[in-house]
Amino acid sequence: MAKFVYRMQSILDIKYKLEEQERTAYSIANGKLAEENQKLQTLLIRRAGYERRAKELAVGTIDVQSIQENKRAIDTMKSLIREQMMQVHIAEKNVELARKRLNDVMVERKVQEKLREKAFEEFKVEVAAKEAQEVDELTSFTYATREAK
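Residues numbered from 1 in each chain as written. Predicted model: local features only at pLDDT ≥ 70, side-chain atom pairs only at ≥ 80, totals over all residues. Heavy atoms only, no water.

### Remarks on the pattern of salt bridges
Counted according to the given criterion, the structure contains 15 salt bridges. R53 serves as the salt-bridge partner of E56, at 3.8 Å between the closest nitrogen and oxygen. Of this pair, E56 and R53 both sit in helix α1 (residues 9-58), three residues apart, which is roughly one turn of that helix. The class for R53 is partly exposed, based on a relative accessible area of 41%. (Salt bridge = Lys/Arg side-chain N within 4 Å of Asp/Glu carboxyl O. Helix = DSSP H or I, 4+ residues; strand = E, 2+ residues; numbered from the N terminus. Buried < 20%, exposed > 50% of the residue type's maximum accessible area, 1.4 Å probe, protein only.)

Given below as structure tokens:
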């Protein structure tokens, strides 16, 4: 029996490799987003600690210098949090972009797989037709040799 050889197999192989690369890029982008979110959480926790400290400083004997330092620390944390939120937003956009690229590559790979399946079905039809022709020829030859005797 004939062996099926898909003439665009190299293209399909490239599509598989591109998909794997995009999966890796998507995974890296997700990791970066998780890292940025973790940094944001850490900053939020630190700010909450400073705010607790501000409440503690307001009770009992009042140390103006400590209160002012704490207020500056809270203000600094707010600006750091704002910057980190921007970093998280950028990471989210990168994840979305990587997801879209991965999706596009997956669609291209699936199209190539469908083309391969279609080519294989055509190959099977051709092989079946060729086998049927050979059977007909064999039958005709056998019948012709019996008639000749």
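### A short note on the packing of aromatic side chains
Inspection of every chain in the model, using the stated rule, returns three aromatic pairs. Where F4 meets F120, the ring centres are 5.0 Å apart and the plane angle is 75°; that geometry is what we call edge-to-face. Placement of F4 in the segment before α1 and of F120 in helix α2 (residues 64-148) is noted, with a sequence separation of 116 residues between them. Looking at F120, the relative accessible area reads 32%, which means it is partly exposed. Measuring from centroid to centroid gives 6.3 Å for F120 and F123, while their planes differ by 25°, and the two rings are stacked. With F120 and F123 both in helix α2, this residue pair falls three residues apart, about one helical turn. Ring-pair connections join several aromatic residues into one group, and the members of that group are F4, F120 and F123. (Phe/Tyr/Trp six-rings, centres within 6.5 Å; stacked < 30°, edge-to-face > 60°.)

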